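Understanding the architecture of this molecule
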Amino acid sequence: MGQRLLVVDDEDSIVTLLQFNLEQAGYEIETAMDGSTAFKKASEFNFDLIILDLMIPEMDGLEVCKQLRQNKVSTPILMLTAKDDEFDKVLGLELGADDYMTKPFSPREVVARVRAILRRVSQNQDEKPKKDTIKKDLLKIGEVEIFPENYEVYYQGNQLELTPKEFELLLYLSNNKGRVLTRDQLLNAVWNYEFVGDTRIVDVHISHLREKIEPNTKKPIYIKTIRGLGYKLEEPQFNA
């Protein structure tokens, strides 16, 4: 049996198009036409990924995403939006969506995006330790402590709540400490695919990380912006 996906959209034509192409690609598809039904199905059944339209009746996609994450449902979410609205995209990512696509889109691109997300999730699951794994392989940068095997990050001794993508981004930056990394490099390393000419998703996640580990986000001491190039994670220089 193939991996199981939930497709949520209130347009019959979109649902039919996605269902046909994803089933052709080997996935098992369940559908929902409104937010309430989507939330109920996603809460009660195990899906490998959810394709979630923003503009759906009863409960919009942002609210569905928000409530699922609040209920500790960690199923990857690929959001669809018909609006080229930066606010919706950024808010969706802040609420826990893993990725977004703007309509209109090609079925081939959706299938490629789904495969990339699922491949990344599968790699992460293979690397996750058992619950009783002893903390080891500590990466320490300033007051930030990263335990890669446990998927845990501490700042000033307090454990941080990071999304999977935030964790992966911080880990990649840490493993390349002192190196300038372009947005495209970060995108390909963390999201594992080309994001068709738009690297803003990287900037959003960098902003989230800074809010959690920087004493002053306006004057970052960990994640530095290298103008015209990208980002670099540095060992902070604390004043004596």
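Placed above this text is the structure.
Throughout what follows, the structure given in this document is the object of discussion. (Residues numbered from 1 in each chain as written. Predicted model: local features only at pLDDT ≥ 70, side-chain atom pairs only at ≥ 80, totals over all residues. Heavy atoms only, no water.)

**A word on the overall build of the chain**
Of the regular secondary structure elements, the chain holds eight helices and 12 strands. Scored against the burial criterion, the 240 residues of the chain give a buried share of 45%. Considering only contacts in the chain between residues 6 or more positions apart, those separated by 24 or more positions represent 56%. Entry remark: accessible area of the chain is about 12600 Å², with carbon and sulfur atoms responsible for 48%. (Helix = DSSP H or I, 4+ residues; strand = E, 2+ residues; numbered from the N terminus. Buried < 20%, exposed > 50% of the residue type's maximum accessible area, 1.4 Å probe, protein only. Contact = heavy atoms within 4.5 Å. Areas by Shrake-Rupley, 256 points an atom, 1.4 Å probe, with all protein chains shown as cover.)

**A short note on the packing of helix 6 (residues 164-175) against helix 8 (residues 200-213)**
Remark: helix 6 packs on helix 8, axes separated minimally by 10 Å, with the N-to-C direction vectors making an angle of 85°. One way to sum up the angle between helix 6 and helix 8 is to call them roughly perpendicular. Residues K165, E166, L169, L170 and L173 of helix 6 lie in contact with helix 8, whose contacting residues are V202, H205, I206, H208, L209, K212 and I213. For the contact of helix 6 with helix 8, the class distribution of residues is seven nonpolar, two polar and three charged. (Axes fitted to C-alpha atoms, helices over the stretch in contact; angles between N-to-C directions. Parallel < 35°, antiparallel > 145°, perpendicular 65-115°, else oblique. Nonpolar A, V, L, I, M, F, W, Y, C, P; charged D, E, K, R; others polar.)

**Overview of the packing of aromatic side chains**
All told, the structure shown has three aromatic pairs when counted by the stated rule. Centre to centre, the rings of Y155 and Y222 are 6.5 Å apart; their planes meet at 80°, and the pair counts as edge-to-face. Here Y155 is found in strand 8 (residues 152-155), whereas its partner Y222 is found in the loop between helix 8 and strand 11 (223-226), with 67 residues between them in sequence. Side by side, Y155 and Y222 carry an identical accessibility label, which is buried. (Phe/Tyr/Trp six-rings, centres within 6.5 Å; stacked < 30°, edge-to-face > 60°.)

**Some thoughts on the side chain of E166**
Mapped onto the elements of the fold, E166 is located in helix 6. What makes E166 buried here is its relative accessible area of 3%. With residues up to four places along the chain from it excluded, the contact list for E166 reads E161, H205, H208, L209 and K212.

**Some points on the nonpolar core**
Membership of the largest hydrophobic core comes to 48 residues, with the highest contact counts inside it found for L52, M79, L173 and I223. When residues of this core are assigned to their parent elements, the largest contribution, six residues, is made by helix 8. Both domain 1 (4-123) and domain 2 (139-233) contribute no fewer than three residues apiece to this core. With near-sequence residues (within four places) excluded, L173 lies in contact with L181, L186, I206, L209, I223 and L233. Of all hydrophobic cores here, the second largest spans 18 residues; its members include I14, L80, V110 and V114. (Core = buried A, V, L, I, M, F, W, Y, C linked by side-chain atoms within 4.5 Å. Domains from an automatic or database assignment.)

**A word on the pattern of salt bridges**
Using the criterion set out here, one finds 17 salt bridges in the structure. In this structure, the salt-bridge partner of R4 is E28, at a minimum N-O distance of 3.9 Å. Remark: E28 occurs in strand 2 (residues 28-32) and R4 occurs in strand 1 (residues 4-8); sequence separation between them is 24 residues. In this structure, E109 engages R113 in a salt bridge whose closest nitrogen and oxygen atoms are separated by 2.9 Å. Of this pair, E109 and R113 both sit in helix 5 (residues 107-127), four residues apart, which is roughly one turn of that helix. Here the residues in one salt-bridge network are R4, E28, E30 and K41, joined through shared partners. (Salt bridge = Lys/Arg side-chain N within 4 Å of Asp/Glu carboxyl O.)

**Overview of the pairing of strand 11**
Relative to strand 12 (residues 230-233), strand 11 is paired through four bridges, and the arrangement is antiparallel. Bridging across to strand 12, T225 finds its partner in Y231. (Pairing = 2+ DSSP bridges.)

**What to know about the environment of D10**
In this fold, D10 is placed in the loop between strand 1 and helix 1 (12-24). Under the relative-accessibility criterion, D10 is labelled partly exposed at 34%. Placed 23 residues apart in sequence, D10 and M33 show a C-alpha to C-alpha distance of 4.5 Å. Beyond its immediate sequence surroundings of up to four residues, D10 is in contact with M33, D53, M55, I56 and P57.

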